[in-house]
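Coordinates in review
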Amino acid sequence: ISASSFVCGCCETGDSGRGFAMRTRHACAALLLATACCSSASAALHPSLLPGADGGTRMRLSALGASRRDQRAGDAPPWGGSGSGPGHGAAAARSRIGVRLERLRGGSGLGDVSSQLQALMDQLTAAADTVLQPPGGGEAAAGDVPSADGGEQSAEEARSVTRSMSKSRVDVVRAVSGELSKQLELFESRLGKLQAWKVRFKRRAAVKYGDALYVCGDCDSLGSAELGKSVRMTHQGDNVWAADVEQVPEGTHYRYVVMRDSKNSNGDAPNGHDSGGNGDEMDCGGVASRQWGKSGAWGSRPQTGYAYHLDSSLANCRTEKGVLIQDDTKQLVQFKVKREGAQEVKVLGSIPELGGWEERKALKLTNSHSNTWVGTVAINTDTLSDFEYKFIDKNNGKSGIETGNNRISDAHLVEPQREVDGQGKLSAARVSDLECVWDGLLVRFIIFHPLDDPEAVLACSGSHEALGGWLGAPRRMGLGNERTLLTGIKGRCWESTFPSTEQDVSNVQYRYCIINNLGKNAVFEREPNRRIENIPGSASAKAVVKASLAAVHRADAKDKQAFRQREWRTYDGNFVPPDLNYQDIPPNLAIGPYPQCEEDVILMKERGITGVINVQTDDDHRFRMINWELMTGFYAKHGISVRRIPILDFNGDELARLVKVASDGCHELVQEAYTQGKAPRVYIHCTAGMGRAPAVACVYLVLHQGFNLGDALAHCKAHRNVCAPNWSAMENALRHA
């Protein structure tokens, strides 16, 4: 569905007997959508696309299109934001909607899509009506702004009209364009909920006798993330397992887990090795695991350190007779290493995909840029967690190989991500990226914090030499591919990688900062210095007993075999800007970071805050040196009511248990303000206003304002883009509300 023919695409999808009326206003809505959402700088409105429009309407749209064409490539669009970005914004949403509507055209017939499309077009039409109003009000008409010769305006005249638009007119266009983007995101959310598939899950797994493979997910048909309600899969032979499950919604999170075979201990579980190791909890690279991602209960051993995300638009999904085949029997793995002076680099390993230790069959890498060698291969998932490998190179006819122990695969811990091409488009395949340092250990810093300024970047400064040693320039970071955040939802994080030093570095202190596009000033977070007790060196990573991303499990004399570790990472959250930067969430909430002084309370009072919900814990206060008794005195002095419901950060179980209590506290403060004759505005804060506070706001909007959860989250993110609450915790809380 192209941006310029959105209405036509909708009509083809819906019931032709109830098709949409092709009025001028609908065409205007579609074209305005194209201009507001398209990331291409050449996107423009053209009057020839509106044969039914009168002269005034066509002139105004032509002027708006000319204004869009005049922007330089890379400029931010006039309505704010970056205008593009893989996996983000209306352009990406429109692309995903197109794929899903094509699926619906293919005969799955799920949900009342026609009525949803009609509702969307009604919203876009109303927005288009607002934009098409002349500055003085009333309907746009031919001759509102006539050309010199009384006919239609030329492109140059249209540009002139656009440049003379009043500031209020530009503000209206900006506001309405932003609203169109938000409505498109909301529509995508509704469309996804309409689509509940019958899914055939397929997975390769080597399972020992007496166990079986199960699939568990965060929807009702997959057990609502409860291991005891997981769906047992059937062994198909050759380590392939399968299960057909009804009513699995688009977007479901799921994972494969080996457990004791509750159906029949003498059943069809094949003989084979225990692919889950010794039963220890799987190292998830520092990402907080959900209950169903932990080892232990029912002898459970998750196959991966991450959850999969059901997305019917991906390459490993296809439909057969109305059934969505989710084929997870293979995983794309990308090997990457920097090697100066090499003429050829390969990956040699223990599995057939890497040559089975035969050099002539090894995976050959390509020199992509700056002596960085890259290659991608599909690997059977029953060997994903235990294959061994090394890099080999060739220079002037002489072959070389990495020294020391073989590397052990951690591909089962590295979440597969959709890569981004040079045009900012997402690929249809998910790839696990195994970036390496030749004969060394890779260090990766990760933090989630969206920035309003598209030209700004996040950076890290600290005591480690790779971070500038405090006196040097902060180490700039780059946006990575979309990954699962600490709260369980998707987002793009800022990342920085560098080779470790040879020896461990202890007591590393560091802080994040935002650097503007000119690079002349940096805005540091107002938090105390962050601290890492120890960043391992390459010497420590030469001999480990198992794969890990969050720790180094050193081998000792009693261990039969040792391996080289590939990566060590730290995953941070809670970037708190130096000012009390918060956003109002209509109709009566606000979300932001923690206030810490009387000046903050005075500012809140001046902006109409009537109540405060604080979900920080005592440890949060202690680390940030917050005197809560003093703060409650400031709130009382300035007439602001307060409730405190402490909730541990990055703890989904506790959040699910207490988020409703906090949301009820919001409702009490709203009602209290009404009884006092005030316009209620309740300020909800955790530490950074990114996880716990938005979760409270979302649950409040669902329980007390009539939102569904998807729309509540979209509403909060539309007003505060750093919101990233724990989706599963909110769902669990509402399920038992």
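Anyway, here's the lowdown on the structure attached to this text.

Parameters at a glance
- Residues numbered from 1 in each chain as written.
- Predicted model: local features only at pLDDT ≥ 70, side-chain atom pairs only at ≥ 80, totals over all residues.
- Heavy atoms only, no water.
- Helix = DSSP H or I, 4+ residues; strand = E, 2+ residues; numbered from the N terminus.
- Buried < 20%, exposed > 50% of the residue type's maximum accessible area, 1.4 Å probe, protein only.
- Contact = heavy atoms within 4.5 Å.
- Areas by Shrake-Rupley, 256 points an atom, 1.4 Å probe, with all protein chains shown as cover.
- 1 Å grid on protein atoms, 1.4 Å probe; cavity = no way out; pocket = protein on both sides within 12 Å on 5 of 7 lines; lining within 4 Å.
- Points joined across faces, edges and corners; volume = space filled by probe spheres on them.
- Nonpolar A, V, L, I, M, F, W, Y, C, P; charged D, E, K, R; others polar.
- Pairing = 2+ DSSP bridges.
- Axes fitted to C-alpha atoms, helices over the stretch in contact; angles between N-to-C directions.
- Phe/Tyr/Trp six-rings, centres within 6.5 Å; stacked < 30°, edge-to-face > 60°.
- Lys NZ or Arg CZ within 6 Å of the ring centre and 35° of its normal.

**What to know about the overall build of the chain**
Along the chain, the regular secondary structure elements total 14 helices and 34 strands. The proportion of buried residues among the 737 residues of the chain is 53%. Here the analysis covers contacts within the chain between residues at least 6 apart in sequence; of these, 72% occur between residues at least 24 apart. When the accessible surface of the chain is summed, it comes to about 30800 Å², and 49% of that surface belongs to carbon and sulfur atoms.

**Quick notes on empty space enclosed by the protein**
This model, assessed by the stated rule, comprises seven cavities of 30 Å³ or more. In this structure, the largest cavity encloses a volume near 150 Å³. Along the walls of the largest cavity sit 17 residues, with Thr487, Gly573, Asn574, Phe650 and Met690 positioned nearest its centre. Residue classes in the lining of the largest cavity are distributed as nine nonpolar, five polar and three charged. Taken as a whole, the second largest cavity spans an internal volume of roughly 90 Å³. Around the second largest cavity, the lining residues are Leu486, Thr487, Ile647, Leu648, Asp649, Phe650, Asn651, Gly652, Leu655, Gly691, Arg692 and Asn726.

**Side note on the sheet that holds strand β9 (residues 317-320)**
Spatially, the five strands line up as an open sheet ordered β4-β5-β1-β10-β9, and their pairing is mixed. Each of the sheet's edge strands pairs with one partner strand only, and the pair in question is β4 (234-237) and β9. Averaged over all neighbouring strand pairs, the angle between strand axes comes to 30°, with direction disregarded. Bridge count between strand β1 (residues 196-204) and strand β10 (residues 323-328): six bridges; the pairing is parallel.

**Comments concerning the sheet that holds strand β11 (residues 330-338)**
Spatially, β14-β15-β11-β20-β19 is the arrangement adopted by the five strands of the open sheet, whose pairing is mixed. Each edge of the open sheet is held by one strand with a lone partner, namely β14 (366-369) and β19 (417-420). Neighbouring strand axes in the sheet, compared pairwise and without regard to direction, differ in orientation by 50° on average.

**Section: the packing of aromatic side chains**
For the structure on display, the rule yields 15 aromatic pairs. Where Tyr306 meets Tyr308, the ring centres are 5.5 Å apart and the plane angle is 75°; that geometry is what we call edge-to-face. Note on Tyr306: relative accessible area 5%, which makes it buried. Ring geometry for Tyr510 versus Tyr512: centroids 5.8 Å apart, planes at 85°, classification edge-to-face. Connected via pairs of aromatic rings, a cluster forms that spans Phe201, Tyr254, Tyr256, Tyr306 and Tyr308. For Arg339, the ring lying beneath its charged end belongs to Trp438, and the centroid distance is 3.9 Å. Over the aromatic face of Tyr594 sits the side chain of Arg526, whose NZ or CZ is 4.8 Å from the ring centroid.

Function cannot be inferred from these measures alone, as they are strictly geometric.
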